[in-house]
Each structure stands twice: as C-alpha cells, then as structure tokens.
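Now for the letters of each chain:
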Amino acid sequence: MDGGFFSGVVEPIRFGGLHSPDPLTYKVYEPDRLVLGKRMEEHLRIGVCLWHSFAWDGRDMFGIGTLDRPWLDAGRDPMDAAREKMAVAFEFIEKLGVPYYCFHDRDVAPEGASFAEFRSNMDALTEDALGYQERTGARLLWGTANLFTHPRYQAGAATNPDPEVFAYAAAQVRMMLDVTQRLGGTNYVLWGGREGYDTLLNTDLRREGAQLARFLHLVAEHKHRIGFEGTLLIEPKPMEPTKHQYDYDSATVHGFLVRNGLEGEYKLNIEANHATLAGHSFHHEVAYAIANGILGSIDANRGDPQNGWDTDQFPNSVDDLALPLYEILRGGGLTTGGFNFDAKLRRQSSDRDDLFHAHIGGIDALAQGLLAAAAMIEDGRLAELKGARYAGWDGPLGSEILGGSASLADLADRVEAGGIDPRPRSGRQEYLESLVNQQVWAVRSNGAAAREG
Ligand SMILES: [Mn+2]
C-alpha cells in the first residue's frame, strides 16, 4: 500500500484495543470477533458513502468548500477528476478495512452534455469500479440515482408536475439499476430527494401520490425484468429539502406501499437523523420496520439535539445505538442491508486524516453498541419481561379474542357476569431502563477492555 492521497495512513486500520494510544486503530471493532456466533463484520456490514466523503468539499449555504478535495476543482477535465476521485475513494475503503461502499450515479460520473454522454461516462467508470472491487475486495452495498441536485428536479422527480421530468428520472433509475446489478450490489435505494412540496397552493396531492406509486411499480417491474436479485429500499425522511416529504417516516411509507399494492417489493433504508427529524427515535423507526417485516438497511449517522436539521454527523453515542442494534439482533440481523455511514465531517475538520478519525469513531461506537445489544440478548431479561407482559394473550381468553370466536357481545356478557375484572400491572419502565444501562455499562468495563489483559 503506497502513500496515496491519505499518506498519513500508511497501513490498514487494525484493532488496537480500548487502551491503544494510536488514534488510527479500532478500539472495539474486530471484524473477526464472534458475537452471538457471527463475525462482527458480518453483523455490521459497514459501508462508506461516496457523496459526503468524496463528492462534497465542505461547502454550506454560507461558505465555499473547506475540505481538501482537488478532484472537485472546476476547470479539471471531468473524466480525469472522476477517475482520481474513485481511486482515492477505494484507497480510503481499503485502508479503513470495511467491506462495502454506496454511491449515487452523480457521485461517480460527470453529467456531460447529454444523457447519452452521462451514460457513456457511467459505463466507463463502472468498468473502473469493477476493477477496484476485484483488487480491493470491496463490494457495493447499494446504488442509487441522484434525482434532486439538477434544476430539472426542483419540483421533484416522480412527483413532478411535468411528465418529462418523470421520464428523465426513469432513465436515471434504469441506468443505475443496471449499474448496481453489474457491480453485484445487494440493494438499490430510492430516497425521495425532492418528492414532497413547499406549498400546497401549487401542489395536487392526489396526482403526486398516484405518480409516485406508478414510478415505484415501474422500478419493481424493471428489477424483475432484468433479474436483479438485490432488495429495493425506500429511505424515509420527513422534511428537508422540501417543507414536507412524502416518505415521511417508516409507518407512512409502509402504509403507502400497502395502499398501492407494492408490499413485498420494497423494504426500508432507515436513517438515524431522519428518524429524529420525524419526531421519532432511531430505535422507534427500526422497531417499527422490524415489526412489519420491512427493515432493509441502515444509514448510520446522528443529528444534533440542539439543531432541527439534518446535520448528518458521525454516530458516537453507544446509548443511542445499543437499542436499535438490540432490535436488529432480535429480528434475526441484517440480510442484504448493512450500516452505511451517511455522515459527513464538520467543515472545520479539514485534515485528510479527519475522515479516518470520523469513520473509526463511528465504527467503534457501532461495535460497542453491538456488544451491548448482544449482552442484552444473552441476559434475556428484557425479552422475558416483555413476553410476560403479554402472557394473557397466549391464554384461553386471548386466543378466543384473536381467533375470532368471541364476539363483542360475548365479551361484554362475561364482564357483566363478573367473570372478568382486570387489575392494572406495572409497566416497570425505570426497571427496564436500568437493565439496559446495566448491560451497556457491563460491556464497557468487562468487554473490550478486559480482552486486552
Ligand atoms: Mn441517507
């Protein structure tokens, strides 16, 4: 491994343990460590995103770029710059030692002067990506199409008032489904970038809902036509950039899918920061998706509790990650999905190594959350107490009610005859919360630290 762009990182990042003084080591993440009988790497299926890390230079609405991303300079030959960007991205993924990456079409390919030129750029760069995958072992977690940056998408893609924009979006998604398939991607994501509205004064909700359903049907049909075996995912988000996004949260998307005959075709890509923007916890969104059989993949990041926007920060709270991971483990784990770091550096984090520190910290927090979640599973009390709370539903009365053999009048008659007289029982919330803390803290003191002795 030569110097490369990230010349401050000369060797792949390895496990150093909790007390390692070397900041460029994993403190908790050990890819081969077995957790509940499965390798840590296979539980977490970590991915690096190309957009925030390599296609964004740190600009915000108040200032120009602060990050050192020379391939983004205007005036560079677009294909040369695209090739340099891809080389640096794979250098990073290889040095970080994670198995997956994710990208939008526009993160990789210059748009050119026409769609045909865009497609030809994409084809050439897909060939390059195949070569890098072969050389580094990195795999594609998911591909997606950027249907929100170009001005043609200012009023949405599938939900645009102009059907020509719908058609243009179809062309991009067709191309990216093909590319994702060629690269062996295990999922394809649709994030409704601008599928929403800024004002109801110019928006026909009924039409836009029907357009979105049609689009999702077309994508699913094409997936089957080409034999793409990955999972189609929708990424909920309640607002930003539009005032109201249609894919508001997990429950809204689930309802939309069921209402439009799309159940079974799509699962969810749940983003932690989008959950909090929707007024939910990340835990809630994951638990809802699992309860309804639609959890697909995770965009790992966090918001800032004092800010109401999508800050896309790297996750660093084990407390916030342990319970979603507990739900995922209880639900049987991720299958085609993974944990993609849809997170970006703060724009003052302008050293090249900062991108490593950000990912190492996020990966270690996930690994520690995984250990805590596994401890909760092994302890068993959380599941036992929840089960005991519903035990009556497995008894004769519960079975009669759910089995449909008891009518409303039957139940009323039994209550009036005095045979049913329920008493309130404690939900034991504080006790349960303490049980969770006990597992999180126990892993902190006995887990990774003890392994170094
Ligand atoms: Mn995302």
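See the structure shown above.
Residues numbered from 1 in each chain as written. Predicted model: local features only at pLDDT ≥ 70, side-chain atom pairs only at ≥ 80, totals over all residues.

Draft legend 1. Region of interest: the environment of Glu 117. Tracing the sequence through the fold places Glu 117 in helix H5 (residues 115-136). For Glu 117, a count of 14 C-beta atoms within 10 Å puts it in the partly exposed group. Spatially, the C-alpha atom of Glu 117 lies 24 Å from that of Ala 155, the residues being 38 residues apart in sequence. (Helix = DSSP H or I, 4+ residues; strand = E, 2+ residues; numbered from the N terminus. Buried ≥ 20, exposed ≤ 12 C-beta atoms within 10 Å, placed from the backbone.)

Draft legend 2. Structural detail: the environment of Phe 282. Tracing the backbone through its elements, the reader meets Phe 282 in helix H10 (residues 282-291). According to the C-beta neighbour criterion, Phe 282 is buried, with 25 such atoms within 10 Å. Sequence-wise, Phe 282 and Ala 300 are 18 residues apart; in three dimensions their C-alpha atoms are separated by 9.8 Å.

Draft legend 3. The arrangement of the nonpolar core in detail. Core analysis: the largest hydrophobic core is formed by 107 residues, its most contacted members being Tyr 101 and Leu 370. If one sorts the elements of this core by residue count, helix H12 (residues 354-379) sits on top with 14 residues. Those residues in contact with Leu 370, other than ones at most four positions away along the chain, are Val 35, Met 40, His 43, Leu 44 and Leu 325. (Core = buried A, V, L, I, M, F, W, Y, C linked by C-beta atoms within 7 Å. Contact = placed C-beta atoms within 7 Å.)

Draft legend 4. Quick peek at the pairing of strand S6 (residues 100-104). Among the 5 residues that make up S6, 5 are buried, leaving the element largely enclosed by the rest of the structure. Residues of S6 alternate between two faces, with Tyr 100, Cys 102 and His 104 on one and Tyr 101 and Phe 103 on the opposite face, all of them buried. Across 3 bridges, strand S5 (residues 46-49) lies against S6 in parallel orientation. Each bridged residue has a counterpart across the sheet, and for Val 48 the counterpart in S6 is Tyr 101. Sheet topology places S6 next to strand S7 (residues 139-144); 5 bridges connect them, and they run parallel. Across the sheet, His 104 pairs through a bridge with Thr 144, a residue of S7. (Pairing = 2+ DSSP bridges.)

Draft legend 5. H5, seen in detail. With 22 residues, H5 extends 31 Å from end C-alpha to end C-alpha; this agrees with the ideal 32 Å at 1.5 Å per step. Of all the positions in H5, only Met 122, Leu 125, Thr 126 and Ala 129 are classed as buried. Down the axis of H5, the smallest arc covering the buried residues is 130°, so these residues share one side. Facing away from the buried surface of H5 by more than 90 degrees, the exposed residues are Ala 116, Glu 127, Gly 131, Glu 134 and Arg 135. Looking at the buried residues of H5, the elements they touch are helix H3 (78-96), helix H4 (105-108) and helix H6 (163-182). Gly 137 occupies a position one or two residues after H5 and carries a positive phi of about 85°. (Expected span 1.5 Å × (residues − 1). Arc of directions from axis to C-beta.)

Draft legend 6. Inspection of the packing of H3 against H5 at higher detail. Between H3 and H5, whose axes approach to 11 Å, the crossing angle comes to 25°. Of the possible angle classes, the one that applies to H3 and H5 is roughly parallel. Where H3 crosses over H5, the handedness of that crossing is right-handed. Where H3 abuts H5, its residues Met 79, Ala 82, Arg 83, Met 86, Phe 90, Ile 93 and Glu 94 lie against Asn 121, Leu 125, Asp 128, Ala 129, Tyr 132 and Thr 136. Broken down by class, the residue content of the contact of H3 with H5 amounts to 8 nonpolar, 2 polar and 3 charged. (Axes fitted to C-alpha atoms, helices over the stretch in contact; angles between N-to-C directions. Parallel < 35°, antiparallel > 145°, perpendicular 65-115°, else oblique. Left-handed = near helix turned anticlockwise from the far one by under 90°. Nonpolar A, V, L, I, M, F, W, Y, C, P; charged D, E, K, R; others polar.)

Draft legend 7. Structural view of the packing of helix H11 (residues 318-330) against H12. Packing of H11 against H12 brings their axes to within 7 Å, and their N-to-C directions diverge by 55°. Judged by the angle between their axes, H11 and H12 are oblique. Judged by the twist between their axes, the crossing of H11 over H12 is right-handed. Within the contact between the two elements, H11 uses Val 318, Leu 321, Ala 322, Leu 325, Tyr 326, Leu 329 and Arg 330 and H12 uses Ala 365, Leu 366, Gln 368, Gly 369, Leu 370, Ala 372, Ala 373, Ala 374, Met 376 and Ile 377. In terms of residue class, the contact of H11 with H12 is made up of 14 nonpolar, 2 polar and 1 charged.

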